[in-house]
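# Fold and contact review
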Amino acid sequence: QVQPVESGGGLVQAGGSLRLSCAASGRTFSTYTMGWFRQAPGKEREFVAAISWSDARTHYADSVKGRFTISRDNAKSTMYLQMNSLKPEDTAVYYCGRHRLSWYFSVELKDFGSWGQGTQVTVSS
C-alpha cells in the first residue's frame, strides 16, 4: 500500500492561512475515515481533525475548532485542511492518516495508520 503524501505546509505569520493537502492512493479511499494529526518538537502526536468516509461527519480538536476546516474529495482521493487564523502554537509537523477500519469513525491516534511523511507548518509571531 502506497503511503499518502502531504503538501501545503510552510512558514506563515500569525493570523495567516495555509491549506494542507493529503493525496492518497487506492480505490478504497472513499471507504475510510481520514484524519489530520500534528506533532510539535518534544511533544506527542496529537489529533487535529477527522472526516468520515462520506464527509458527513467531522470532528475537531478544541484547540482548532472554528479556525480549521477539514474536507475531502473522494473522486481525487484527496483530503484537505484549511487552516485560518494561525497561531504560533499551531507550529508542528502535520500528518495525515487513514483509519485502520473501513466504514468506522473514531479519532483516537491508535486507530489510525498508513501515515504520510508529514509537512512542516511554522507560524511566526
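Read on for an overview of the structure.

Definitions and cut-offs
- Residues numbered from 1 in each chain as written.
- Predicted model: local features only at pLDDT ≥ 70, side-chain atom pairs only at ≥ 80, totals over all residues.
- Heavy atoms only, no water.
- Phe/Tyr/Trp six-rings, centres within 6.5 Å; stacked < 30°, edge-to-face > 60°.
- Helix = DSSP H or I, 4+ residues; strand = E, 2+ residues; numbered from the N terminus.
- Buried < 20%, exposed > 50% of the residue type's maximum accessible area, 1.4 Å probe, protein only.
- Core = buried A, V, L, I, M, F, W, Y, C linked by side-chain atoms within 4.5 Å.
- Contact = heavy atoms within 4.5 Å.

## Observations regarding the packing of aromatic side chains
- For the coordinates displayed, the defined rule picks out 4 aromatic pairs.
- On the basis of an interplanar angle of 70° and a centroid distance of 5.6 Å, the ring pair of F37 and F47 is categorised as edge-to-face. Note that F37 is positioned in strand 4 (residues 32-39) and F47 in strand 5 (residues 46-51), a separation of 10 residues in sequence.
- According to the relative accessible area criterion, F47 is buried, its value standing at 16%.
- Arranged with centres 5.9 Å apart and planes meeting at 85°, the rings of W53 and W103 form a pair that is edge-to-face. In this pair, W53 sits in the loop between strand 5 and strand 6 (58-60) while W103 sits in the loop between strand 9 (92-102) and strand 10 (112-113), placing the two residues 50 residues apart along the sequence.

## Some thoughts on the nonpolar core
- Counting 31 residues, the largest nonpolar core has W36, M79, L81, M83 and Y94 as its most contacted members.
- The biggest single contributor to this core is strand 5, with 5 residues.
- Contact partners of Y94, with chain neighbours within four places excluded, come to E6, L20, W36, F37, R38, V48, F68, L81, M83, G118, T119 and V121.

In short, shape yes, function no, at least from these values alone.
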